[in-house]
Amino acid sequence: MAEKVILYSYFRSSASWRVRIALAIKDINYEYKAVHLVKDGGQQHSEEYKRLNPMEQVPTLVIDGHTLTQSLPIIEYLEERNPEPPLLPKDSFGRAQVRALSELINSGIQPLQNSTVLEKVGDGKEEWARSFIVKGFQALETLLKQTSGKYSYGDTVTMADLCLVPQMFAAKRFKVDLEPFPTICRVHDALAELSAFKAADASNQPDTPDELRST
């Protein structure tokens, strides 16, 4: 009997969200274990959880007898484990492009609006978050005009799309004006219609507060 797959997640964590989409696309069943990033001073800081993830972040994925951390390496592991349907193009240049789009969000935007960073910023944290999302979206919009078809890279869902959708949620949360980013919005809206993205959405998780659940 195969070992149970366990995802330690928080409903609106961008990094957890990306992995949830990948698991849904790869049709991998898993047990969801919520790690509340605010309650009890942040459950990610507990000694029990730190043994799983010394960085005290989500997600953590337990699979195949391994404990994996960091969303993009987790997604790459799932891609190699379950190569169909693919989340990376077959050609080297295409893979590099998709990884670059993914890292633009993963490294260039998301960490700067992370809750731990915003706590340090203090007053003006929403404006801080907005400014870095806008800067990143300006670059992303330019690149997607070159690479996108129906989705971020051509007409097939890729790892870049898994990063884009949660980042759009954060942009709306921080009240970013999205009018200057029509390509990002178009790609996001197309992705939002897909079943895997609906299943992984922040409004549909076991730890989603009732007031934020989809109706």
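Residues numbered from 1 in each chain as written. Predicted model: local features only at pLDDT ≥ 70, side-chain atom pairs only at ≥ 80, totals over all residues. Heavy atoms only, no water.

Caption draft 1: Quick look at the UniProt feature "domain: GST N-terminal" (unreviewed entry) in the protein. UniProt's entry tags residues 3-86 with the feature "domain: GST N-terminal" (unreviewed entry), counted in the numbering of this structure. Taken end to end, residues 3-86 has its terminal C-alpha atoms 24 Å apart, with 35% of it in helix and 19% in strand. (UniProt positions renumbered as here; feature names shortened; annotations may be inferred. Helix = DSSP H or I, 4+ residues; strand = E, 2+ residues; numbered from the N terminus.)

Caption draft 2: Region of the structure containing the sheet that holds strand 1 (residues 6-9). Reading across from one edge, 2-1-3-4 is the order of the four strands in this open sheet, with mixed pairing throughout. Edge positions in the sheet fall to strand 2 (31-34) and strand 4 (66-69), since each of these pairs with one other strand and no more. Direction aside, neighbouring strands of the sheet carry axes that sit 20 degrees apart on average. Strand direction decides the pairing type here: strand 1 and strand 3 (residues 60-63), joined by three bridges, are antiparallel. Its bridge partner lying in strand 3, I6 is registered against V62. Where helix 1 (residues 14-25) meets the sheet, it contacts strand 1, strand 2 and strand 3, and its direction lies at approximately 150 degrees from that of strand 1. (Pairing = 2+ DSSP bridges. Axes fitted to C-alpha atoms, helices over the stretch in contact; angles between N-to-C directions. Contact = heavy atoms within 4.5 Å.)

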